[in-house]
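# Coordinate inspection notes
Each chain, written out:
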Amino acid sequence: GTAAPFTTQTSTAALPDSSPAPVAPSERIQLIDEEQKFTPTMGEALRRWQLEDAGFGYDLCAVLGSQSTGKSTLLNKLFGTSFDVMDESRRQQTTKGIWMCRGQGMNVLVMDVEGTDGRERGEDQDFERKSALFSMASAECLIVNMWEHQVGLYQGANMGLLKTVFEVNLGLFQAGKSRSHAAKEKTLLCFVIRDHIGATPLENLRNTLMADLRRIWDSLSKPEGLESSTIETFFDFDFVTLPHKLLQPTEFDSQVASLRTRFTDSSRKDFIFRPEYHKRIPADGLPHYLESIWEQVQTNKDLDLPTQQELLAQFRCDEIANAAFATFANDVKVFRRPLETGEVLADLGTLMGAHRGKAIEDFDKAASRYHAEVYKRKRLDLLEKLNSTLSPFFLGQLKNLHKKVVAFFRASVLEKLRGENYDFSTVVSSERKKALIAFETGATAIKLKDTDWAYDDEYEQLKQSVDDIADQCRAEETKKMVLQIERMVKKDVAEPTELALARPKADMWDQILVAFTEALEKAESAYMKKARSFNCTEEENVRALRTLKRRSWLSLRAKIDEQTVDSILINKLRTAFEDRFRYDEEGVPRVWRPDDDIDTIFRKARDETLALLPLYSKIKPQEPSREVSLPSTADDAESASAVERGEEEEFDFPASLVVFSETRKVELGNRFRKEADAYYVEAKRSTVSSIAQ
Ligand code: GDP
Ligand code: MG
């Protein structure tokens, strides 16, 4: 051979003769046994022969011919196979069936058909027909073996066999004739004429045989559409002669060796395994293909090769897809636990893509050799299955991502709100943007190509969650702010209230309410200023301001209550009385003289002081414009129901104007009278004592 030893050959993987590593003859297998059963061990044998992964890189040939014409002998010499040869000394029959063996040092599968000479005995034409059909459906080249003296015997066994071959072939193509590609497939019939004496040149033998073949062909009834076809439509022909093995052993060996190179050297013009003869069954699909072909043959069903190839493609593509999927499923199950426990896996997208890519790659490697349509369809099926296995991981990660992003958003907003000098809406909007980007980045990273995966809903949910949190924070912030403002109001009204109540005058309430109104106005504008940065809604503002007013009022009321408890109020009355009774109009302390009209002065001071009680008892300015008016909780339905639910204190504004009741007013009056009486008695006594002196 001239082919370089390391050249990879795709259409045929036959190794050149100079192959350095001698390979021991392969063990043959009985592909179909005496009971006409197909062996279950062919897949195993292909593996042993290291052809399982050969794809299209193998060739297949079969031999046909009468018994004991030296077929097996020739095959063993040509291909280094180990087929049974009839024992010369005992004339023992070899085991019936179809045998298969790998050629030595070449990617060639050889089939040896062992029948009986049934044609003569009329008993086994059935097996002959079946094996011819079987060989035709799978082999690139059929070696037709015959003795030289059989050439021209038109009625002989060989011609009967060839008639069968042609009939069978027409049957095969009848079923597949609608498919244009089927007609292009040709099989090589290689006639090997044994014990060639040399008197008749090869050219003459060829002519004789071709004439016989045409006669057979013409005698066959052609199926519809194939009426005008010739044998050359379906077959190429080759003719070889070999000398007598026993009489010319050296010539026999050298001519067989030369014939061998026609099977091994693809650079030869007359190379036998031309690519166009290949039946395009990937090596890994052969066992299933041959088995189903044999099954069809056995049950006498119409054998339609294109359909068989499609069925094979379906079967093998499924097997290949299942194997690829099993590895894939095992690889990706590691994602499940961490995702279930809430983790966000950093490389999930890349890893999912890689595992899916690997599975598709595994599938493509083996399955792309099969029927293109079937392969494409099964590839889509596989992709869909892979995607739907990965989909829960995508969704799980989205869920975890959502949680993580939301938690991070909450934490960073709260963190910023703990600091000083922040603008609430700026904080929220910048954190919100960050959160949405983080989610989108994470989601895009795990959204695989060629899927219908989407995260729009999850994205909307995230927005919703983030906005809910922002609303919560704003509510908290608003509350905090209202409290601050409330404290400010409290502080602003404390002093004016204390002062006014300490020096009771007719415009006492006017002073207090003016201070209160001013403080409240200040508070309201402080609120409005802050509320703008919070993006508060109008509704929220209304509610917050109402609360602010109410609370401010209540704090004023608390201050008033504090300043008007019994002891303090009595004190105030006492001071007011003393100012009138113990000091004169100029504020000079009185020293009672006997001619002083103590009774009148006393009565005036006492009555004027008692007149302060109604003033204290109700918040009422002199000037009606200074009156303050606040809504009660009962005034609006919302507040009323909040009170009912216990969420808000009941607030009755008119009632809150009353500082103390009539009863208390009377009691306080009585208490004061007693104290005033004591002052009166003391004053009287002081004049008596001054007289006594
Ligand atoms: P098969 O039944 O066609 O496979 O034939 P075998 O290979 O078993 O051989 C049958 C007999 O023919 C054996 O005894 C062989 O030794 C003998 N034989 C093999 N090759 C030749 C040959 O080229 N010429 C002759 N005359 N005998 C051969
Ligand atoms: Mg044999």
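Above this text sits the structure in question.
Residues numbered from 1 in each chain as written. Chains lettered and ligands numbered in written order. Predicted model: local features only at pLDDT ≥ 70, side-chain atom pairs only at ≥ 80, totals over all residues. Heavy atoms only, no water.

### Description of the overall build of the chain
Looking only at helices and strands, the chain has 24 helices and seven strands in total. What you see for the chain is a C-alpha radius of gyration of 57 Å, clearly larger than the 26 Å of a compact globule of 693 residues, by over 25%. Based on the C-alpha atoms only, the size of the chain along its principal axes is roughly 190 × 55 × 40 Å. Across the chain, every contact between residues at least 6 apart in sequence was considered, and the portion connecting residues at least 24 apart equals 76%. Of the roughly 35,600 Å² that the chain leaves accessible, carbon and sulfur atoms contribute 51%. (Helix = DSSP H or I, 4+ residues; strand = E, 2+ residues; numbered from the N terminus. Rg over C-alpha atoms; globule rule 2.2 N^0.38 Å. Contact = heavy atoms within 4.5 Å. Areas by Shrake-Rupley, 256 points an atom, 1.4 Å probe, with all protein chains shown as cover.)

### Quick word on the packing of aromatic side chains
Under the defined criterion, the tally for this structure stands at 27 aromatic pairs. Taking the centre distance of 6.2 Å and the plane angle of 35 degrees together, the rings of Phe 439 and Tyr 459 count as tilted. With Phe 439 in helix H15 (residues 424-446) and Tyr 459 in helix H16 (residues 456-502), the pair connects residues that are 20 residues apart, well separated along the chain. An identical accessibility class is assigned to Phe 439 and Tyr 459; each is buried. With centroids separated by 5.9 Å and ring planes inclined at 80 degrees, the aromatic side chains of Phe 577 and Phe 602 adopt a geometry described as edge-to-face. Of this pair, Phe 577 sits in helix H19 (residues 566-581) while Phe 602 sits in helix H20 (residues 598-610), and the two are 25 residues apart along the sequence. Across the pair, Phe 602 and Phe 577 agree in class, each one buried. Pairwise contacts between aromatic rings join Phe 166, Phe 191, Trp 217, Phe 234, Phe 235, Phe 237 and Phe 239 into one cluster. Positioned above the aromatic ring of Phe 56 is the side chain of Arg 280, whose terminal nitrogen or guanidinium carbon lies 3.9 Å from the ring centre. Sitting above the plane of the Phe 325 ring, Lys 385 keeps its charged end 4.2 Å from the centroid. (Phe/Tyr/Trp six-rings, centres within 6.5 Å; stacked < 30°, edge-to-face > 60°. Buried < 20%, exposed > 50% of the residue type's maximum accessible area, 1.4 Å probe, protein only. Lys NZ or Arg CZ within 6 Å of the ring centre and 35° of its normal.)

### What to know about the sheet that holds strand S4 (residues 108-114)
Overall, mixed pairing links the seven strands, which are arranged S1-S3-S4-S2-S5-S6-S7 in an open sheet. If you trace the sheet from one side to the other, it starts and ends with strand S1 (29-32) and strand S7 (235-241), each paired once. Averaged over all neighbouring strand pairs, the angle between strand axes comes to 25 degrees, with direction disregarded. Each of strand S5 (141-147), strand S6 (187-194) and S7 is contacted by helix H9 (residues 249-264), which is oriented at about 155 degrees to S7, the strand it contacts most. (Pairing = 2+ DSSP bridges. Axes fitted to C-alpha atoms, helices over the stretch in contact; angles between N-to-C directions.)

### With respect to the coordination of the magnesium ion (ligand 2)
Geometry reference: four tetrahedral donors at a metal, ideal angle 109.5 degrees. Six octahedral donors, ideal angles 90 or 180 degrees. Those protein atoms acting as donors to the magnesium ion (ligand 2) are Ser 72 (OG) and Glu 114 (OE), and they sit at 1.9 to 2.0 Å. Placement of the pair is Ser 72 in helix H2 (residues 71-79) and Glu 114 in strand S4, with a sequence separation of 42 residues. Each of the two residues, Ser 72 as well as Glu 114, counts as buried. (Donors = N, O, S within 2.8 Å, 3.2 Å for Na, K, Ca; no water.)

### Details of the site of ligand 1
As a matter of local geometry, ligand 1 sits amid 18 residues, with Ser 68, Thr 73, Met 86, Glu 88 and Asp 195 nearest to it. Thr 73 is positioned such that a nitrogen or oxygen atom in its side chain is 2.5 Å from an oxygen atom of ligand 1. The side chain of His 244 places a nitrogen or oxygen atom 3.3 Å from a nitrogen atom of ligand 1. About the coverage of ligand 1: the protein hides 93% of its 570 Å² of free accessible area. According to the grid-proximity analysis, the pocket containing ligand 1 is the second largest pocket. No other element matches H2, which puts three residues into the shell around ligand 1. Looking at the shell around ligand 1 residue by residue, the class counts come to four nonpolar, eight polar and six charged. (Near = heavy atom within 4 Å. Polar contact = N/O pair within 3.5 Å; in protein donor to acceptor, adjacent residues only side chain to side chain. 1 Å grid on protein atoms, 1.4 Å probe; cavity = no way out; pocket = protein on both sides within 12 Å on 5 of 7 lines; lining within 4 Å. Sits in = over half its atoms within 2 Å of the grid points. Nonpolar A, V, L, I, M, F, W, Y, C, P; charged D, E, K, R; others polar.)

### Here's the deal with the pattern of salt bridges
Evaluation of the coordinates by the stated rule reveals 49 salt bridges. Across the salt bridge formed by Asp 467 and Arg 432, the nearest N and O atoms sit 2.9 Å from each other. Of the two residues, Asp 467 is situated in helix H16 and Arg 432 in helix H15; the sequence distance between them amounts to 35 residues. Given the relative accessible area of 28%, Asp 467 is considered partly exposed. Note that Lys 665 is salt-bridged to Glu 662, the shortest N-O span being 2.8 Å. Here Lys 665 and its partner Glu 662 are both found in helix H24 (residues 662-692), three residues apart, which amounts to about one turn of the helix. (Salt bridge = Lys/Arg side-chain N within 4 Å of Asp/Glu carboxyl O.)

### Things to note about helix H13 (residues 348-367)
Its 20 residues give H13 an end-to-end C-alpha distance of 28 Å, which sits within 8% of 28 Å, the value for a rise of 1.5 Å per residue. As for H13, its buried residues are in contact with helix H11 (305-332), helix H12 (336-340), helix H14 (372-418) and H15. (Expected span 1.5 Å × (residues − 1).)

### Here's the deal with the nonpolar core
Judged by nonpolar contacts, the single largest core of 167 residues is most densely connected at Leu 31, Phe 134, Phe 166, Phe 191, Tyr 527 and Trp 553. For this core, the leading source of residues is H14, giving 15 residues. Ignoring anything within four residues of it in the chain, the contact list for Phe 166 reads Leu 189, Leu 213, Ile 216, Trp 217, Leu 220, Ile 231 and Phe 235. (Core = buried A, V, L, I, M, F, W, Y, C linked by side-chain atoms within 4.5 Å.)

### What to know about the side chain of Asp 284
Topologically, Asp 284 is positioned in the loop between H9 and helix H10 (286-298). Look at Asp 284 and you get buried, because its relative accessible area is 13%. A polar contact is formed between the side chain of Asp 284 and the side chain of Arg 316, at a distance of 2.4 Å. Ignoring any residue separated from it by four or fewer positions in sequence, one finds Asp 284 in contact with Glu 52, Arg 316, Ile 320, Arg 369 and Tyr 370.

### Some thoughts on the pairing of S4
Buried residues dominate S4, accounting for seven of its seven residues. Neither face of S4 is open: one carries Val 108, Val 110, Asp 112 and Glu 114, the other Leu 109, Met 111 and Val 113, and all of them are buried. Bridge count between strand S2 (residues 59-65) and S4: five bridges; the pairing is parallel. Its bridge partner being in S4, Ala 62 is matched across the sheet by Met 111. Two strands pair when backbone bridges link them, and strand S3 (residues 97-102) and S4 are joined in this way by six bridges, in the antiparallel orientation. Its bridge partner being in S4, Gly 97 is matched across the sheet by Glu 114.

### Observations regarding the layout of surface pockets
In this structure, the largest pocket occupies an estimated 830 Å³ of space. What lines the largest pocket is a set of 23 residues, among which Lys 479, Arg 543, Thr 547, Arg 551 and Glu 648 lie closest to the centre. Mapped onto the lining of the largest pocket, the elements with two or more residues apiece are H16, helix H18 (538-563) and helix H22 (637-644). If one sorts the elements of the lining of the largest pocket by residue count, H18 sits on top with eight residues. When its residues are assigned to classes, the lining of the largest pocket shows eight nonpolar, three polar and 12 charged. One number sums up the size of the second largest pocket: a volume of about 510 Å³. As for the second largest pocket, its lining consists of 21 residues, and the residues nearest its centre are Ser 68, Thr 69, Gly 70, Thr 73 and Glu 88. Considering every element that reaches the lining of the second largest pocket, the biggest residue donor is H2, with three residues. Tallied by class, residues from the lining of the second largest pocket come to five nonpolar, eight polar and eight charged. (Points joined across faces, edges and corners; volume = space filled by probe spheres on them.)

Fair warning: the whole summary comes from geometry, so function is off the table for now.
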